[in-house]
Every structure is written in structure tokens, then in C-alpha cells.
Amino acid sequence: MEKRQQFIDHISSGYQPKGPYIYLGAAMYNGETIPEAAVKVPLKMMNRHGLIAGATGTGKSKTLQILAENLSEQGVPVLLMDVKGDLSGIAKPSNGETFLYERHEKIGFPFETKAAPVELLTISEQKGVRLRATVSEFGPVLLSRILDVTSTQAGIMAIIFKYCDDNHLPLLDLKDLKKVLQYATDEGREEIEKEYGRISSASTGAILRKIVSLEQQGAEMFFGERSFDVKDLTRKDENGQGYVNIFRLTDIQDKPALFSTFMLSLLAEIYTTFPEKGDSEKPELVLFIDEAHLIFDQASKALLNQIESIVKLIRSKGVGIYFVTQNPTDVPSEVLGQLGLKIQHALRAFTAKDRKAIKLTAENYPISEFYDTKNEITALGTGEALISALDDKGRPGPLAATMLRAPMSRMDVLTGKELDEIIGKSDLAEKYNEDIDRESAYELLTEKIEEAEGERARKKAKSERETVKESGSRKQTKTEGAIIKVLTSATFIRGVMGVLNKLLK
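Residues numbered from 1 in each chain as written. Predicted model: local features only at pLDDT ≥ 70, side-chain atom pairs only at ≥ 80, totals over all residues. Heavy atoms only, no water.

An unreviewed UniProt entry lists the protein under the name DUF853 family protein, with Autumnicola psychrophila given as the organism.

Written out as C-alpha cells, the structure reads:
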């Protein structure tokens, strides 16, 4: 009994925030769920980033749902990356199944059903608010990192952007960028080399191939206008609840380059747009990146460095980023070290590689006198997790094997009709779903090339007319000269004189 009370005191001392908090569940000890050992995360620490990890079917998505709906309830907007398509149910209240009430009875916390205000976003052909960005907004540095070009090719990208800026050629979509690259090594080669230096056709060819590769993953739907204003992610409804912006990604699981491109551009735009916040009572925005390995799997070193830098710096803007993945090793160690809240669901030890991964995972958590962390990770049930969170002062709290609360919203996907209803009521859909194709670099350069070709054709026709005229003049002069030559020749004169002599006799 004394050990049990020590455990309660140990957990309570680490999870008793003074300000607003999110209740996650009750800690477990020796197989018993103890309601007095409540696990609460300070709301002000939710911008310190986090990790939700665990094997398939252990409850990661439901944990994400719990955090998102509770943040929304406390006025914090959320952006969810819904890769599997199972998060849209947050827009509807829970069906209130019996087992949910039974779970909450165990943890000593009342269960209620509640929906969150939702916006559905997309960068593909799925229904939702269209998210776009222009090529100009990416800039040459970020775009070069996304395309993973060489330093020489990155220099050419810088020249291309400078040329377009100097000549008022808007770079809106990939069609514009390809047109300028082609122009730089063809019709506009002399013009650009004179002002900016030589551009290798081999380098522009390599860049074009990488752009085509990105296009094959559907990037042409992302680049363009109207550009999405990231401030629209921070909206609240009439009741003061933060909107849960669900980014629908079910059709780009096999397009990691496009996913990385979007994520990096979004994070960069948020970082440059949001003002410095420092420490405040609650975050401005919290992002949850489901299936986070999609970002890191095929990312170049330059891209990874960019992501790591933004993760380190974006906290000061009041923005929290939470990575959801099967294994913590999916996330680079440099990023993992920046994460304040760690929620570890069960891992399964089927192979030697699995056992090694579990051992490494256990070492990422605080040492506890109440748990054998390595064994605890494999013994957790569905909806249970090891939790380590920061307290009000940013210090790591004690490790707590926790029975998590249930989501207040529906743990299922919305029907097609329900999705249409949400999109139909969306103010953002009206704002962003209009297709805009204004005059940009492609049209302006095409017009310039056509004018140049027309001018060349006119000059050629004029030159040909002058050549024909000159040729006729020369022919006439030559004929006259021949006649004169004949008339003035000695033979001709002797002949004429001979005829005259005969006539005179």
C-alpha cells in the first residue's frame, strides 16, 4: 500500500499544472488504473512539440484525435495531416458506445460527446479547400532544396529568379518555371548571358528533369494561385473553439516528394508569417503530422536540415509540431531531441531488429523506479501509452504508463454526404477553390518569343525582296553592257562600214 501511495504522489507531483491543461488519462501501476494519479499536460507547453508512436492498431490516431479536439475546445486551432483518412470523424460527436463509458469509469473522469469545428483541406483531386502556393513564394533556395539540385544548378535557379524579378515575369506555377529555363538556353540565351553570365544547357536540362519528376507526383495542382494564407489556419468559430483543419492526404501516400514539398513550404510560410510570441498561456497553432516517416524517408540531406532548423525555431512563434509514426527511430535524432511531449504506445518484439528498436526507444524516456520501461512498452494494451510531458517550468515529468481517455468525437470517417455538407458551408472553399490563371512568365515569354520570331520573319522577307530587286538590276545592267560591248566592238564597226561602202558605190 505504501508503494502505491508513493506512486500516486510521484505522478501527481509531476502532472499538476497551475494553469489550463489537457487531461490525458490516469496512470497505471501493477496492472491497476489509479484515478488519483491523473496525467495532465499544461496547455502552455503544447508548443514544445511532441511525438506519438506505436505499432499499428495500438491507438495512435485516437490519441491524436484526443489532443486535437481538446486543443480546439480550449481555443487552439489545429492542423491534422490525415494520411489514412480516419480523422474526419472529429467533426461529429461520438456515438457514445458503452465501452467508452466503462473506460472513463476506470479512469475516474466523466465522458461526454462533442464535435469540433472542422475545415477540410486538399492539394489533390480530393474534395476540400484547395491549398496552393506560387513558385515565387518558394524562392530559389527552398525550391533548390526540394528539387535536390547541385550547387551549380542552385546558382542557375537564383539567376532565373533574378531575371524574372528584373523583367517583371511572375513565376506562379511550374509551367512558368519550365518556360523560363527553356528560354534561358534558347531564344533568350544571349540576353541573359550578357547580363547575368553563362547558363549551361546541361544544367537547365537536369533541373527540368527534376521538375518533371515532381510534376508526376501531382505537384502541378499545388503550385499556382490563389496562394493559401496560413493565417486562415488560426481561425476560431463563434463559440471561441479553434478550427480543426484536416488536410486530406489519402491519395499521396506514394508521393513522398510532394508531401515533403508541401510540409516544408507550409512550415517555412508559418515561420516567416507568424510574429514572435515567446511563452504564452496557449499555442497559436498545433500541427499533427501523421505517418511522419513520409517526410523523412526520401528527403535529401538539405531538406532534412531545413526541416530540423524550422522545428527548432518555430516554437518561438507559438506553434507546436507533433510527429505521429510507428517507431521513434523514424524521426531523425536531431528532431527527436526537440520534442517535449512523448506518447509511446505499444511496440511488438517479433524479431531481433524489433527488440533492438524497443531497447533504443526505452532509452528515450526518463528512468523510473516504478517501471521496467523496455518490458512495459511491449505489455501496453490498445489505448494505453507511456507518457512523458513537460511541467509548467519546462522540466520533464515522471514516466507514466497511462490509460488514455476516449475521444469526445466520432471514432470513424464521415460519409460522402457529411463531407459535402462541411465543404458546402466553408467560407474558405469559396475563397480558395476558384481557378486563377492570370498572365505570368509563360504567357509573357511566349508572346515575347512570338514577337521576336515575327520580327525575324519580317526582316527575312524584306531581305529577300531586296535581294531579288538587286539581282534584277544587276541582270539588266549586264544585258545593257553586253549590247554596248557588241555595238562598240571593232568587228561590228568594220561590218557596218563594209555595208555602207557597198551602198555608196
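Still more ground to cover, so stick around.
1. Examining the overall build of the protein
Each helix and strand in the protein was counted, giving 18 helices and 12 strands. Among the 505 residues that make up the protein, the fraction classed as buried is 51%. Nonlocal contacts in the protein, meaning residues at least 24 apart in sequence, comprise 76% of its contacts between residues at least 6 apart. Entry remark: accessible area of the protein is about 24,300 Å², with carbon and sulfur atoms responsible for 50%. (Helix = DSSP H or I, 4+ residues; strand = E, 2+ residues; numbered from the N terminus. Buried < 20%, exposed > 50% of the residue type's maximum accessible area, 1.4 Å probe, protein only. Contact = heavy atoms within 4.5 Å. Areas by Shrake-Rupley, 256 points an atom, 1.4 Å probe, with all protein chains shown as cover.)

2. Here we look at the environment of G19
Here G19 shows up in the loop between helix 1 (2-14) and strand 1 (21-29). What makes G19 partly exposed here is its relative accessible area of 28%. Separated by 22 residues in the primary sequence, G19 and V41 have C-alpha atoms spaced 9.9 Å apart.

3. Structural notes on the pattern of salt bridges
Evaluated as defined, the whole model comprises 15 salt bridges. Of the charged contacts in the structure, one is a salt bridge between K114 and E73, with a shortest N-O distance of 3.0 Å. Residue K114 is located in the loop between helix 3 (98-107) and strand 5 (118-122), and its partner E73 is located in helix 2 (residues 60-73); the two are separated by 41 residues in the primary sequence. Judged by its relative accessible area of 27%, K114 falls in the partly exposed class. (Salt bridge = Lys/Arg side-chain N within 4 Å of Asp/Glu carboxyl O.)

4. Considerations on the packing of aromatic side chains
In this structure the tally under the stated criterion is 13 aromatic pairs. On the basis of an interplanar angle of 80° and a centroid distance of 5.0 Å, the ring pair of Y101 and F111 is categorised as edge-to-face. Of this pair, Y101 sits in helix 3 while F111 sits in the loop between helix 3 and strand 5, placing them 10 residues apart in sequence. A connected cluster of aromatic rings, assembled from ring pairs, spans F7, Y29, F370 and Y371. When the ring centre of Y243 is taken as reference, the NZ or CZ atom of R235 above it lies at 4.3 Å. The ring centre of Y271 lies 4.8 Å from the NZ or CZ of K317, which sits over that ring. (Phe/Tyr/Trp six-rings, centres within 6.5 Å; stacked < 30°, edge-to-face > 60°. Lys NZ or Arg CZ within 6 Å of the ring centre and 35° of its normal.)

5. Examining helix 5 (residues 151-166)
In an α-helix there are 3.6 residues to a turn, and that puts residues three or four apart on one side. With 16 residues, helix 5 ought to run about 22 Å at 1.5 Å a step, and its terminal C-alpha atoms sit 23 Å apart, in line with that. Turning to helix 5, its buried residues number three or more, namely Q153, I156, M157, I159, I160, F161, Y163 and C164. (Expected span 1.5 Å × (residues − 1).)

6. Focus on unusual backbone geometry
With the exception of glycine, most residues fall at negative phi, and the peptide bonds are largely trans. With omega at 5°, the peptide bond leading from E225 into R226 counts as cis. One can find R226 in the loop between helix 8 (201-215) and strand 7 (244-248). Look at H168: it is not a glycine, yet its phi comes out positive at around 55°. Positionally, H168 belongs in the loop between helix 5 and helix 6 (174-184). Classification of H168 as exposed rests on a relative accessible area of 67%.

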